[in-house]
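Notes for the structure review
If you want the building blocks of each chain, they are given just below.
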Amino acid sequence: MRQETKTMTTTTITAATPEQLIAGSRERIDALDDRIIGLIQERMAVSTVIQEARISSGGRRVHLSREMEVLSHWSGALGKPGTALAMTLLELCRGRV
């Protein structure tokens, strides 16, 4: 992270201190976390709509083959930790109906 100060005749570039870099990066992580939480809440709402439709048409609340697709997708993208994340997402999204 660099800070640039311009005057009429000179430009001074000051490098950010490690503390400034860390603080700025933590702010960005916090903002990303807020976006991720919002997306998870949106996913939960969409999942509820699907479950309600499935139940009202006489189906089951949970569709296991679809859950396996989700697990595979996350695992393929992020490896073993992706599977754990997907399991948590599925747990958050199932059973709200």
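Refer to the structure printed above.
Close contact between helix α2 (residues 64–78) and helix α3 (residues 80–93) brings their axes to 7 Å; oriented N to C, the two are set at 145°. The interaxial crossing formed by α2 with α3 has right-handed handedness. From α2, E67, V70, L71, W74, S75 and L78 reach across to α3, where they touch K80, P81, G82, T83, L85, A86, M87, L89 and L90. Broken down by class, the residue content of the contact of α2 with α3 amounts to 10 nonpolar, three polar and two charged.

All chains considered together, the criterion is met by two salt bridges. The closest approach of N and O atoms between R66 and E69, which form a salt bridge, is 3.2 Å. Of this pair, R66 and E69 both sit in helix α2, three residues apart, roughly one helical turn. The partly exposed category is assigned to E69, whose relative accessible area is 48%. Note that R94 and E67 form a salt bridge whose closest N and O atoms lie 2.8 Å from each other. Remark: E67 occurs in helix α2 and R94 occurs in the segment after α3; sequence separation between them is 27 residues.

So, how was this worked out
Residues numbered from 1 in each chain as written. Predicted model: local features only at pLDDT ≥ 70, side-chain atom pairs only at ≥ 80, totals over all residues. Heavy atoms only, no water. Axes fitted to C-alpha atoms, helices over the stretch in contact; angles between N-to-C directions. Helix = DSSP H or I, 4+ residues; strand = E, 2+ residues; numbered from the N terminus. Left-handed = near helix turned anticlockwise from the far one by under 90°. Contact = heavy atoms within 4.5 Å. Nonpolar A, V, L, I, M, F, W, Y, C, P; charged D, E, K, R; others polar. Salt bridge = Lys/Arg side-chain N within 4 Å of Asp/Glu carboxyl O. Buried < 20%, exposed > 50% of the residue type's maximum accessible area, 1.4 Å probe, protein only.

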